[in-house]
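Chain by chain, the residues:
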Amino acid sequence: MILDAARAAASQLFSPEFRAVFLKTLGLTLLALVALWFGLTGLVDWLALPWVETLLPGLPSWAGWLSGIIAAIALAFGMALLIAPATAIIAGLFLDDVAEVVERTDYPGDPAGRAVPALRSLVLSIKFFGVVILGNIVALLLLLVPGINIAAFFIVNGYLLGREFFEFAAMRFRPEEEAKGLRRKYASTVFLAGLVIAAFLAVPLLNLVTPLFAAAIMVHLHKAVSARESRR
């Protein structure tokens, strides 16, 4: 079920039908990451560097360059951890566009889903943004523990991203509580699909279109789960 959904989503990712959604998703994600980078670097220049110069006066010029390089590496590492929450926010804007394409091309005989109300999508995205931030802080702390650092990244993001995208896909056809109940019933399946999304997220460049892939795979997964529920 999961492999079929992943193959279907991957095959559609760069198809002509997805091109408009792909360009919008990629553009906004890049814009958000660039704005975040400049915001963080500005914050470091404003707060950290003056503090270092005050605490350690008379440092040679090369020390300033070295501290700048170290700060840039730390910021790049932080940005890698922030990709997940950034993509979660972007996903809330374009899940319905992706779902409509998948439903129209792969399930033309099924009833079309209803778009999640814009205000509700925004509230859920902001709420989940906070959850992902908290989860990645926990993952960051676990990175200090040898042997489980990589596993922490996949487990945290697999659970959180799987939950978010599946519930959004299910809410196109079900009330919110019913969508959450379905996700809990198939928690292990949703988690495994979330691990696939987390693996996609870990690949440079491809991680910038994680929302597109994740939305597509969860639409396929929800269709498969719904078909299983109907047979029962």
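K.L.:
So, the overall build of the chain: which residues are in play, and what are the values?
P.N.:
The secondary structure content of the chain amounts to eight helices and zero strands. Listed N to C, the secondary structure of the chain is α-α-α-α-α-α-α-α in terms of helices and strands. Here the chain, with 232 residues, has 41% of them falling under the buried criterion. With the model as given, the accessible surface of the chain reaches about 12300 Å², and the carbon-plus-sulfur share is 73%.

K.L.:
Please give an account of the environment of Tyr-159 that cites residues and values.
P.N.:
Counting through the fold element by element, Tyr-159 comes out in helix α5 (residues 149–170). Between the C-alpha atom of Tyr-159 and that of Ile-197, which follows or precedes it by 38 residues, the distance is 9.8 Å. Not counting chain neighbours up to four residues away, the residues in contact with Tyr-159 comprise Phe-154, Arg-183 and Phe-191.

K.L.:
Please set out the packing of helix α7 (residues 187–201) against helix α8 (residues 210–231) residue by residue, giving values where relevant.
P.N.:
Across the interface, α7 lies against α8 with an axial gap of 10 Å and an inter-helix angle of 160°. By the angle class used here, α7 and α8 are roughly antiparallel. The two elements α7 and α8 cross, and the hand of that crossing is right-handed. Along its contact with α7, which presents Thr-189, Val-190, Ala-193, Gly-194, Val-196, Ile-197, Phe-200 and Leu-201, the element α8 presents Thr-210, Phe-213, Ala-214, Ile-217, Met-218 and Leu-221. Residues of the contact of α7 with α8, tallied by class, amount to eleven nonpolar, three polar and no charged.

K.L.:
Can you tell me about the packing of aromatic side chains, naming the residues and giving the values?
P.N.:
Within this structure, the stated rule accounts for one aromatic pair. Measuring from centroid to centroid gives 4.2 Å for Phe-200 and Phe-213, while their planes differ by 5°, and the two rings are stacked. Of this pair, Phe-200 sits in helix α7 while Phe-213 sits in helix α8, and the two are 13 residues apart along the sequence. Taken individually, Phe-200 and Phe-213 each receive the classification buried, so the pair is uniform in this respect. Between the NZ or CZ atom of Lys-223 and the centre of the ring of Tyr-107, over which it lies, the distance is 5.2 Å.

K.L.:
Would you mind going over the environment of Asp-97 in detail, with residue names and values included?
P.N.:
Here Asp-97 shows up in helix α3 (residues 61–106). Judged by its relative accessible area of 25%, Asp-97 is partly exposed. Considered as a pair, Asp-97 and Phe-18 are 79 residues apart in the sequence and their alpha carbons are 9.0 Å apart. The residues touching Asp-97, leaving out its near neighbours within four places in the chain, are Val-21 and Lys-24.

Parameters and conventions
Residues numbered from 1 in each chain as written. Predicted model: local features only at pLDDT ≥ 70, side-chain atom pairs only at ≥ 80, totals over all residues. Heavy atoms only, no water. Helix = DSSP H or I, 4+ residues; strand = E, 2+ residues; numbered from the N terminus. Buried < 20%, exposed > 50% of the residue type's maximum accessible area, 1.4 Å probe, protein only. Areas by Shrake-Rupley, 256 points an atom, 1.4 Å probe, with all protein chains shown as cover. Contact = heavy atoms within 4.5 Å. Axes fitted to C-alpha atoms, helices over the stretch in contact; angles between N-to-C directions. Parallel < 35°, antiparallel > 145°, perpendicular 65-115°, else oblique. Left-handed = near helix turned anticlockwise from the far one by under 90°. Nonpolar A, V, L, I, M, F, W, Y, C, P; charged D, E, K, R; others polar. Phe/Tyr/Trp six-rings, centres within 6.5 Å; stacked < 30°, edge-to-face > 60°. Lys NZ or Arg CZ within 6 Å of the ring centre and 35° of its normal.

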